[in-house]
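Each chain, letter by letter, is given below.
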Amino acid sequence: MNNKRFEISAKDAEAGGRCRLLGESPARLLYAAAATCGPSLGRAPHTHNCVEFLYMVSGVGQFRMGENLFAVSKGDFVIVHPQVEHAGKNLSAHPLEYIILGVEGLLFPPGIENLYGVYHFHGDQESVRRILQLILRELEDRPAGYIQMCQAFLEMLLILLGRYTDFASSFEPTRRVGRECAVVKRYLDANFTKNISLDQLAELAHVNKYYLVHSFSREYHISPISYLIRRRVKESCRLLIDSDYSLAQISRLLGFSSPSYFSQSFRKLMGMSPMEYRKHSRGMPRRQT
């Protein structure tokens, strides 16, 4: 595993100041790193005293956080809270590349202090990558004012995280999501295994289906049906790892119209077939309880 890491010393940090996130939260960037995992390689389980943000630049892999195993691919954003044991692993012939930020002093809204997981950027990923690359360059070159620049980039990144991922309600508690979109999203999260059509969702929200697609896509940067498919694929990752169900059984359990459509949807989102994912993921050691 290759890792290019840059840290900010406590002395330099105090001279550079902090940025204010989420009201009165004095967040401060501690370090940034560009990491690459080659085929079948990964880091041993470890913890940090700060929050870690990891952005997947390319590749397909897994992250184990606590007792949970998450599938990751290009464009995913991983949040790991302090003292949560975690480890990553590559699952393809191509390297899993990601950028890491270590942040201290970041306070989350009440009720989600222990939340961690994988969030999917649905829009403007180029800005996300550019900001992270600028942070790395500032820390490597250390020009005048680099700490202030990094802090400003950190705040911009958190705004984009709130705007373009499912974590929006946590980072932007005052953000108003259209009632019909919120109703539909909650319904999809609770009923994704059922046979659901766009007409049903529109009837549920009491709006025209074309308006629903436009509104939902504007709020979450993904259409309702694409969100439903992504939710099913995410659940299929768990079943592929933790069960011996066949592809036909998983397809039926999760509401896919056929095993071939399930495989097609899985490959499109994960970059590999379901059976390839099962084979690779079961090669990752599990924690003993």
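In what follows, the structure referred to is the one given above.
First things first, this report covers the structure right here in the doc. This one's a predicted model, so the numbers in the text were calculated from it and none came from an experiment. (Residues numbered from 1 in each chain as written. Predicted model: local features only at pLDDT ≥ 70, side-chain atom pairs only at ≥ 80, totals over all residues. Heavy atoms only, no water.)

Strand pairing in a sheet relies on backbone hydrogen bonds. The paired strands run either parallel or antiparallel. Sheet architecture is open: three strands sit in the order S6-S5-S8, paired in antiparallel fashion. Strands with a single pairing partner mark the edges of an open sheet, and in this sheet they are strand S6 (68-73) and strand S8 (86-90). Within this sheet the neighbouring strands show an average axis-to-axis angle of 20°, counted without direction. (Pairing = 2+ DSSP bridges. Helix = DSSP H or I, 4+ residues; strand = E, 2+ residues; numbered from the N terminus. Axes fitted to C-alpha atoms, helices over the stretch in contact; angles between N-to-C directions.)

Across all of its chains, the model carries seven aromatic pairs by this definition. Aromatic pair phenylalanine 262 and phenylalanine 266: ring centres 6.0 Å apart, planes at 75°, arrangement edge-to-face. In this pair, phenylalanine 262 and phenylalanine 266 are both assigned in helix H10 (residues 259-270), four residues apart and thus about one turn of the helix distant. Among the aromatic residues, ring-to-ring pairing joins Phe256, Tyr261, Phe262, Phe266 and Tyr277 into one connected group. Over the face of the ring belonging to phenylalanine 256 we find arginine 232, whose NZ or CZ atom lies 5.7 Å from the ring centre. (Phe/Tyr/Trp six-rings, centres within 6.5 Å; stacked < 30°, edge-to-face > 60°. Lys NZ or Arg CZ within 6 Å of the ring centre and 35° of its normal.)

Under the counting rule described, the total for this entry stands at seven salt bridges. Between aspartate 199 and lysine 209 there is a salt bridge whose closest N-O contact spans 3.3 Å. Here lysine 209 lies in helix H7 (residues 209-220) and aspartate 199 lies in helix H6 (residues 198-205), a separation of 10 residues in the sequence. When salt bridges with common partners are traced through the structure, they connect Lys185, Asp189 and Arg231 into a single cluster. (Salt bridge = Lys/Arg side-chain N within 4 Å of Asp/Glu carboxyl O.)

For the rest of this paragraph, the subject is helix H5 (residues 179-191). Look at H5: 18 Å from first C-alpha to last across 13 residues, which is about the 18 Å you get at 1.5 Å a residue. Within H5, the full set of buried residues consists of Glu180, Cys181, Ala182, Val183, Val184, Lys185, Leu188 and Asn191. Along its buried surface, H5 packs onto H6, H7 and helix H8 (224-242). (Expected span 1.5 Å × (residues − 1). Buried < 20%, exposed > 50% of the residue type's maximum accessible area, 1.4 Å probe, protein only. Contact = heavy atoms within 4.5 Å.)

Okay, the layout of surface pockets next. Looking at the largest pocket, its volume works out to about 810 Å³. His120, Arg230, Val233, Lys234 and Met270 are, among the 35 residues lining the largest pocket, the residues nearest its centre. Counting only elements with at least two residues in the lining of the largest pocket, the list comes to S6, strand S10 (117-120), H8 and H10. The dominant element in the lining of the largest pocket, judged by the number of residues it contributes, is H8, at 11 residues. Classifying every residue of the lining of the largest pocket by side-chain character gives 14 nonpolar, nine polar and 12 charged. (1 Å grid on protein atoms, 1.4 Å probe; cavity = no way out; pocket = protein on both sides within 12 Å on 5 of 7 lines; lining within 4 Å. Points joined across faces, edges and corners; volume = space filled by probe spheres on them. Nonpolar A, V, L, I, M, F, W, Y, C, P; charged D, E, K, R; others polar.)

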